[in-house]
Amino acid sequence: MAKITVVGSANIDLVVRTPRMPVKGETILGGPFFSGPGGKGVNQAVGAARLGGDVTMVARLGQDQFGDTAAGNLRQEGIRLDCVYRSVDAHTGIASILVDSAGENMIVVASGANAELSPADVESSADAIMAADVILVQLESPMATVQRAVEIAHQAGVTVLLNPAPGRPLADALLRQVDVLTPNQTEAQIITGLVAGTPAEAEIAARALLKRGVGIVIITLGAAGALVVTATRAEHVAGFTVDAVDTTGAGDAFNGALAVALSERQPLAHAVTFANAVAALQVTRQGAAAAMPRRSEVEAFLLGAG
Ligand code: ADP
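The paragraphs below set out a description of the structure included in this document. On a predicted model such as this, the values are computed, not experimentally measured, just so you know.

Considerations on the nonpolar core
- Core analysis: the largest hydrophobic core is formed by 51 residues, its most contacted members being Met-57, Ile-218 and Leu-258.
- Here the element with the most residues in this core is helix α10 (residues 268-283); it accounts for ten residues.
- Apart from residues no more than four positions distant in its own chain, Ile-218 is found in contact with Val-180, Leu-181, Thr-182, Pro-183, Ala-226, Leu-227, Val-228, Phe-254, Leu-258, Leu-268 and Val-272.
- Counting 41 residues, the second-largest nonpolar core is a separate cluster that includes Ala-128, Ala-132, Ala-153 and Val-160.

What follows is the structure, given as structure tokens:
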């Protein structure tokens, strides 16, 4: 089975639907409310596990009720918890999320224990990283932790998939150890300083990232799918047309799926089509981790779409 180790954040999402976004100082009545597992790390881990990946999570939770809930959620998804650590003095991360009637969202994250995930934690998890086919990392963990995880994986010859979200500038020393980088258009712009609004602009930004040492750049383009750029070619892999209900976690669905496809050694364009299909299904449902589709649904969807 394809082995994927995810190093990243674990939150509890607290989601309120709202007819519209409030303005400063305003209180409005919204609802319904629901809570569930979240954090880019957990979302991507759940996405990969539901597609059949053998997933290990490297993360930090608090020793509070949300932490117990988050650990229980991971266990229920069949994700390995050996490298999930618990902080005594920090709370489990939470994300306060508003989703309006158009499916757009506004999010504030209180990182809590996620901010304590350390390079030492990553070193304690080295066996799980080195045994993986693919390591999947995001930027909701401290940068030194991200760097150490990428370094351990790269030195062991494990494929490094870095989803640079939320966007922040990245050092060339890190980018040189990344096999596949998956920014959305905003993140590509933050990392490169180049506008990436159109597919043509995105391709220029992707080439700048290749020049800085990344192996393959995949820029996600929302409903339009993704642009795949390697040293030898650029290819636009079209997205799937669906009725989007809640786009929270679209990028997470895409990355979890891409990790599975790459660990199964699917050809690149095929892997990206698979990831587009998984993300398209995910946006048709409310929630982030909760909305991740299962393998059988994705296969049926791809047959229907083809
Ligand atoms: P993020 O969620 O990180 O902002 P994108 O908006 O680029 O990233 O979306 C990631 C992926 O999710 C896209 O590459 C695409 O496959 C899928 N996706 C996003 N929005 C839609 C949509 N409205 N319809 C179909 N697929 C979508």
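Past the structure itself, the notes keep going.
Considerations on helix α7 (residues 185-192)
- For α7, the complete set of buried residues consists of Glu-187, Ala-188, Ile-191 and Thr-192. Considered in projection along α7, the buried side chains sweep an arc of 120° and stay on one side of the axis.

What to know about the side chain of Asn-114
- Secondary-structure assignment places Asn-114 in the loop between β7 (105-110) and α3 (119-124).
- Here the side chain of Asn-114 touches Ser-111 through a polar contact of 3.0 Å, landing on its backbone oxygen.
- Dropping the residues within four chain positions of it, Asn-114 is found in contact with Gly-8, Ser-9, Ala-10, Asn-11, Arg-60, Gly-93, Glu-140 and Pro-142.

Some details on the pairing of strand β2 (residues 11-18)
- Taken across its eight residues, β2 has six buried, putting it largely inside the fold.
- Here eight bridges tie β2 to strand β6 (residues 93-100), and the two strands are oriented parallel to one another. Note on β6: the bridge partner recorded for Ile-12 is Ile-94.

Digging into the pattern of salt bridges
- What the rule picks out here adds up to 13 salt bridges.
- Across the pair Asp-68 and Arg-86 runs a salt bridge whose closest N-O atoms are separated by 2.6 Å. With Asp-68 in helix α2 (residues 65-76) and Arg-86 in strand β5 (residues 84-87), the pair connects residues that are 18 residues apart, well separated along the chain.
- For Asp-68, a relative accessible area of 48% corresponds to the partly exposed category.
- Using a relative accessible area of 29% as the deciding quantity, one classes Arg-86 as partly exposed.
- Across the pair Glu-203 and Arg-207 runs a salt bridge, and its minimum N-O distance is 3.1 Å. Of this pair, Glu-203 and Arg-207 both sit in helix α8 (residues 199-211), four residues apart, which is roughly one turn of the helix.

The rules behind the values
- Residues numbered from 1 in each chain as written.
- Predicted model: local features only at pLDDT ≥ 70, side-chain atom pairs only at ≥ 80, totals over all residues.
- Heavy atoms only, no water.
- Core = buried A, V, L, I, M, F, W, Y, C linked by side-chain atoms within 4.5 Å.
- Buried < 20%, exposed > 50% of the residue type's maximum accessible area, 1.4 Å probe, protein only.
- Helix = DSSP H or I, 4+ residues; strand = E, 2+ residues; numbered from the N terminus.
- Contact = heavy atoms within 4.5 Å.
- Arc of directions from axis to C-beta.
- Polar contact = N/O pair within 3.5 Å; in protein donor to acceptor, adjacent residues only side chain to side chain.
- Pairing = 2+ DSSP bridges.
- Salt bridge = Lys/Arg side-chain N within 4 Å of Asp/Glu carboxyl O.

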